[in-house]
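For reference, the chains in residue letters:
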Amino acid sequence: MRGRGAWYPRRIGPLAAALALAPRPKEDIVPVNLKGRSLLTLKDFTTEEIRYLLDLSRDLKAKKRAGVKGDLLYRKNIVLIFDKTSTRTRCAFETACWDEGGNATFLTNSQMGKKESPEDTAKVLGRMYDGIQYRGFSQKLIEDLARFSGVPVWNGLTDEDHPTQILADLLTIEEHCAKPLNRVKLVYAGDARNNMGNALMIGCAKMGMRFVALAPKELWPNEKLTAEMKALASKTGGSIEFFSIEKADEALKGADVLYTDVWVSMGEEAKFAERIAQLEKYRVTMDFVRKTGNPDVIFLHCLPAFHDVETEVGKDIEKKHGLKEMEVSDEVFRSRHSVVFDEAENRLHTIKAVMVATIGDL
C-alpha cells in the first residue's frame, strides 16, 4: 500500500486506502526508513524523508479522527526533558505517545548539567527509554544526548532550531494552500535570526519553497547558515531572499504564507525595549495582508502570540511600552487568514509521525 510520497507499512496502509489518499505513480515513490534516527535539525533529512514524514503525519491524523486505536508505540517508553517552558510541545509529545500505546515521562528536575554531565545523563536515559525529547537552550547539548544515549533524540526546541515546529507548519501549509510546496512563497516578518527564522529557512530550502525574510539587517540569519541554505535552495528549486521594511511591498507581493514569531525569545526578556525599537514597523497587520495581493494568504505563528493584553506579559508590555499588540495585530490573529490553531494541532500529528517513524512498530 502506498501514500502520496512513500511506501507505507502494512499497519498504516489499509487506513490510507480506506480514506482514499491519492497515490502517486509508483515510479515517483521513494522507499524511506527512518528507524533509529534522531531529529536534531531538518538539515540532516532529505527532501524525500521530510515528504515521508508529512505523508505519515497526514495518515496518522486521519487515523486519530477516525477513532482508530493506535498501538504503533506499544510498550515504547519516552522521556521528555524540558529546560524551557512549553504548552504545545509537551502536550503534543505526551498525547502522541499515549495515542499509539506508549508511555511518557516528563522530566524537569534532573541532575543533568548540575551534578551530572549530559554525557552521563544520556547513557543512563538511553538504558531506560526508547527515545528522548529535549527542549532547552543549547544545540550542542542535544547533539551530545544523541551521541551518547544510543536511542533516537528529538529536538523540541533549542536556541538555534525548531524542526518539529517546521513539520507542523509544512503540513498546515499543504492543508490550506492549493498548490504544492515548491510553488509556495513564505514571508517571515520579525526577528529572522532566531530559532524560527533559522528553522523556517532550512525547511523552505529543503522543500524547494521561496523563503523571504522581512527583517532589519542586523536580525538576518547568520551568514554561514544563509550561504548553506541558498546553495541547497538552488538545487531544490527554492530561493532565499532578505528585505528590510523599506522594501516591504516587494517582499510581501504574491505571498501565500505570512509568518511571525515573538520579538523576544525565551531567555532574552531584558531586550524588550531594544526589540520593540527594531521591530515595531514589522508587525503583521492587515496592511501586510493587503500588500500580498492574495485574498487567500494564510497567517501562521508558532505561538504563544502577543496579539492582545490578556496575559501577564501582555499587560506588562502595555504598562512599560504602551503597546497593546506586538508581532501581530489582534485583527490579523483573529481573521479568516489565521490558521494558527490548525497549525498548533498539527504539532501533535507531525510529532507522532516522527516518533512512529523512528522508534515505532511499523
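Above this text sits the structure in question.
Calculation criteria
- Residues numbered from 1 in each chain as written.
- Predicted model: local features only at pLDDT ≥ 70, side-chain atom pairs only at ≥ 80, totals over all residues.
- Heavy atoms only, no water.
- Core = buried A, V, L, I, M, F, W, Y, C linked by side-chain atoms within 4.5 Å.
- Buried < 20%, exposed > 50% of the residue type's maximum accessible area, 1.4 Å probe, protein only.
- Helix = DSSP H or I, 4+ residues; strand = E, 2+ residues; numbered from the N terminus.
- Contact = heavy atoms within 4.5 Å.
- Phe/Tyr/Trp six-rings, centres within 6.5 Å; stacked < 30°, edge-to-face > 60°.
- Lys NZ or Arg CZ within 6 Å of the ring centre and 35° of its normal.
- Axes fitted to C-alpha atoms, helices over the stretch in contact; angles between N-to-C directions.
- Parallel < 35°, antiparallel > 145°, perpendicular 65-115°, else oblique.
- Left-handed = near helix turned anticlockwise from the far one by under 90°.
- Pairing = 2+ DSSP bridges.

Ranked by size, the top nonpolar core spans 64 residues in total, and within it Ile173, Leu186, Met209, Phe211 and Met355 carry the most contacts. Residue contributions to this core peak at eight residues, all from helix α14 (residues 340–359). Leave out the neighbours within four places in its chain, and Ile173 touches Leu181, Val184, Leu186, Met209, Val257, Ile298 and Leu300. By size, the runner-up hydrophobic cluster in this structure holds 35 residues, among which are Val212, Ile245, Leu279 and Leu303.

Glancing now at the packing of aromatic side chains. Taken as a whole and judged by the stated rule, the model has five aromatic pairs. Ring plane angle 25° and centroid distance 6.0 Å describe the contact between Phe93 and Trp154, whose orientation is recorded as stacked. On the criterion of sequence distance, the pair formed by Phe93 in helix α3 (residues 88–99) and Trp154 in strand β4 (residues 153–157) is long-range, its members being 61 residues apart. Of the two residues examined, Phe93 and Trp154, each falls in the buried class. The residue whose ring lies beneath Arg37 is Phe45, and the NZ or CZ to ring-centre distance is 4.4 Å. The ring of Phe106 has Arg90 lying over it, and the distance from NZ or CZ to the ring centre is 3.5 Å.

This part takes up the packing of helix α6 (residues 163–176) against α14. The interhelical angle for the contact between α6 and α14, taken along N-to-C directions, is 120°, at an axis separation of 8 Å. In terms of orientation, α6 and α14 fall into the oblique class. In this structure, the crossing between α6 and α14 has a hand that is right-handed. Together, Thr164, Gln165, Leu167, Ala168, Asp169, Leu171, Thr172, Glu175 and His176 of α6 and Asp342, Glu343, Asn346, Arg347, Thr350, Ile351 and Val354 of α14 make up the contact between the two elements.

In space, the four strands of this open sheet follow the order β2-β1-β3-β4, with parallel pairing throughout. The open sheet is flanked by β2 (103–107) and β4, the only strands paired with a single partner. Strand-to-strand twist across the sheet, computed as the mean angle between neighbouring axes with direction ignored, equals 20°. Relative to strand β3 (residues 131–135), strand β1 (residues 77–82) runs parallel, the two sharing five bridges. Residue Ile78 lies in a different strand from β3, and its bridge partner there is Gly131.

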